[in-house]
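Now for the letters of each chain:
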Amino acid sequence: KKYPTPEEALTQLKADGYSRIALVSLDVIPGMEYSYVKAVFNEYKEQFKTMTCGTSLMYWQGQEEQSDDVAEFIKAVSSQFPKLGKDEALLLMAHGTPHVSNAYYSVIQAKLDALGYKNVYVYTVEGWPSLEDVVPKLNNANVKTVTLMPIMMVAGDHAHNDMAGKDSDSHKSILESKGFKVNTYLHGLGENKNIRAAFVERANDAWDALQGKKDADADHLKMMK
């Protein structure tokens, strides 16, 4: 099946006579892909009577009376956290990015700590912090058993191979070579009903702004109209 690019879809909508468009993102953080969404929005918004753009799953951090998307994300994803014993830890594997939004992973960690989640650590495949950065924390906390869990929309190649693969350079194998017992959770964020509900909220924000509701400039759409 061939799916249109955002540009192709918007061009077709214009040709079909649509004049009011709500653009919605399925990105987890406002990284490179979300920058692309915003670029598409800025390129096409003048071609329609009204166009709005929703935010990524995590965008606001509770500043200046905005919502705390990161805390909401943690609450949503924590529904799939295992119960941890005193010598157990949970490692949340994110993708990582060279984009400045990689800083969101530090914010997630800080929020986890502030919310009282002990021995829950964020690390990335292609960014900072890496698995190597987290291992000393596991040792300092006398952790013996680790559960690896992806915080990506789909448990795909990174989850099945980089995280849980049988090769010696997989995260599971690396941790086992260091003496840890390792469990893996091979489910993407898209399988979590709470995460899906949060994305529906983002879509509704973009839709409400399109409808011209009086609070449309607040919350997630304040910067994106």
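Up top is the structure.
Residues numbered from 1 in each chain as written. Predicted model: local features only at pLDDT ≥ 70, side-chain atom pairs only at ≥ 80, totals over all residues. Heavy atoms only, no water.

Asker: How do you make sense of unusual backbone geometry when you look at a structure like this?
Answerer: Working note: non-glycine residues mostly have negative phi, and peptide bonds are mostly trans. Going from Trp 128 to Pro 129, the amide bond is cis rather than trans, its omega being 0°. Assignment of secondary structure puts Pro 129 in the loop between strand S4 (120-124) and helix H5 (131-140). For Glu 65, which is not a glycine, the phi torsion comes out positive at approximately 65°. Its place among the elements puts Glu 65 in the loop between strand S2 (50-53) and helix H3 (69-77). Relative accessible area serves as the criterion here: at 80%, Glu 65 is assigned to the exposed category. In this model, Asn 142 sits at a positive phi of 55°, which is unusual for a non-glycine residue. Position of Asn 142 relative to the elements: it lies in the loop between H5 and strand S5 (145-150). By relative accessible area, which is 52% here, Asn 142 ends up exposed. (Helix = DSSP H or I, 4+ residues; strand = E, 2+ residues; numbered from the N terminus. Buried < 20%, exposed > 50% of the residue type's maximum accessible area, 1.4 Å probe, protein only.)

Asker: I would appreciate a short explanation of the nonpolar core in the present structure.
Answerer: Soluble globular proteins: nonpolar side chains tend toward being buried together. Met 58, Phe 73, Phe 81, Leu 92, Ile 108, Leu 112 and Ile 195 are the most contacted members of the largest nonpolar core, which has 26 residues in total. Of all the secondary-structure elements, those providing two or more residues to this core are H3, strand S3 (88-94), helix H4 (104-114), S4 and helix H8 (193-210). Setting aside anything within four residues of it in sequence, one finds Phe 73 in contact with Leu 57, Met 58, Ile 151, Leu 189 and Ile 195. Counting 20 residues, the second largest nonpolar core, distinct from the first, contains Leu 91, Met 93, Val 143 and Leu 175. (Core = buried A, V, L, I, M, F, W, Y, C linked by side-chain atoms within 4.5 Å. Contact = heavy atoms within 4.5 Å.)

Asker: Please explain the sheet that holds S5 as it appears in this structure.
Answerer: Note on sheets: strands pair through backbone hydrogen bonds, and any given pair is parallel or antiparallel. Taken together, 4 strands build an open sheet; the order of strands is S4-S3-S5-S6 and the sheet is parallel. A strand with exactly one partner marks an edge of an open sheet, and here the two such strands are S4 and strand S6 (181-184). If you compare each strand with its neighbour and ignore which way they point, the axes differ by 25° on average. Inspection of the sheet shows S3 paired to S4 by 5 bridges, in the parallel sense. For Leu 92, the partnering residue across the bridge sits in S4 and is Val 122. H4 rests against S3 and S4 of the sheet, and its axis sits at about 175° to S4. (Pairing = 2+ DSSP bridges. Axes fitted to C-alpha atoms, helices over the stretch in contact; angles between N-to-C directions.)

Asker: Please explain the pattern of salt bridges as it appears in this structure.
Answerer: When the charged atoms of two side chains lie near each other, side chains of opposite charge can form a pair. Scanning the entire structure with this criterion turns up 6 salt bridges. A salt bridge links Lys 172 to Glu 176, with the nearest nitrogen and oxygen atoms 2.7 Å apart. Of the two residues, Lys 172 and Glu 176 are both situated in helix H7 (residues 171-177); the distance of 4 residues between them amounts to about one turn of the helix. Accessibility expressed as a relative area gives 22% for Lys 172, which makes it partly exposed. Judged by relative accessible area, Glu 176 falls into the partly exposed class, the value being 36%. Between Arg 202 and Glu 201 there is a salt bridge whose closest N-O contact spans 3.8 Å. Among the ionic contacts, a cluster of salt bridges with common partners joins Asp 69, Glu 72, Glu 201 and Arg 202. (Salt bridge = Lys/Arg side-chain N within 4 Å of Asp/Glu carboxyl O.)

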